[in-house]
Amino acid sequence: MRKTFGTGSVWEQTLGYSRAVQVDNTLYISATAASGEDGIVGDDFYTQTQYILQKLGTVLADAGFGFEDVVQSKLYLTDISKWEDAGRAHGEVFGDIRPTLSLVHVLPFLDPKMLVEIELVAQKGSN
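- Labelled according to an unreviewed UniProt entry, the protein appears under the name Enamine deaminase RidA (YjgF/YER057c/UK114 family), originating from Pseudarthrobacter scleromae.

**Quick notes on the side chain of serine 73**
Logical step 1: Within the secondary structure, serine 73 is located in strand β6 (residues 70-77).
Logical step 2: Taking the relative accessible area as the measure of exposure, serine 73 reaches 0% and is therefore buried.
Logical step 3: A polar side-chain atom of serine 73 sits 2.8 Å from a polar atom in the side chain of histidine 90.

**Looking at the pairing of strand β3 (residues 26-33)**
Logical step 1: Here strand β2 (residues 20-23) runs beside β3; their pairing, made up of four bridges, is antiparallel. In the strand pairing of β3, glutamine 22 is matched with leucine 27.
Logical step 2: Counted along the chain from β2 to the antiparallel partner β3, the turn is two residues long, and its residue aspartate 24 has a positive phi close to 55°.
Logical step 3: With six bridges connecting them, β3 and strand β8 (residues 116-123) associate as antiparallel partners. Of the residues in β8, the one forming a bridge with threonine 32 is isoleucine 118.

**A few points about the layout of surface pockets**
Logical step 1: Quantified by volume, the largest pocket comes out at close to 530 Å³.
Logical step 2: Lining the largest pocket are 22 residues, and of these Ser9, Trp11, Tyr17, Arg19 and Ser35 sit closest to its centre.
Logical step 3: For the lining of the largest pocket, the elements supplying multiple residues, two or more each, are α1 (10-15), β3, β4 (35-36) and α2 (45-62).
Logical step 4: At four residues, the largest contribution of residues to the lining of the largest pocket is made by β3.
Logical step 5: For the lining of the largest pocket, the per-class residue count stands at 10 nonpolar, seven polar and five charged.

What counts and how
Residues numbered from 1 in each chain as written. Predicted model: local features only at pLDDT ≥ 70, side-chain atom pairs only at ≥ 80, totals over all residues. Heavy atoms only, no water. Helix = DSSP H or I, 4+ residues; strand = E, 2+ residues; numbered from the N terminus. Buried < 20%, exposed > 50% of the residue type's maximum accessible area, 1.4 Å probe, protein only. Polar contact = N/O pair within 3.5 Å; in protein donor to acceptor, adjacent residues only side chain to side chain. Pairing = 2+ DSSP bridges. 1 Å grid on protein atoms, 1.4 Å probe; cavity = no way out; pocket = protein on both sides within 12 Å on 5 of 7 lines; lining within 4 Å. Points joined across faces, edges and corners; volume = space filled by probe spheres on them. Nonpolar A, V, L, I, M, F, W, Y, C, P; charged D, E, K, R; others polar.

In structure tokens:
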């Protein structure tokens, strides 16, 4: 079974991708930035990471998953020296869940106000 999920973002249509794709019991969520209705939310790594995780919580819920199902998390940071700020926000959500984690230093994103993107993989257990 393959099912796609979108948010209505102009980028999804323009670039031809889905916010998330579920294959059987696994959900793959595209890298997500702190973009809101009025542009980028937050001007620091902690705030943007918090906002992105809130957005991703909605994506997970819409697909019938939760943070507890996340098995892999990737944080893409434009300034790796700010890893502790992004990591603190990430730890507030995933401290007890403890998925795998990659911290990746990247060049600036399309919008220079974007400091962080987060990509997740979640998997439902076969209980």
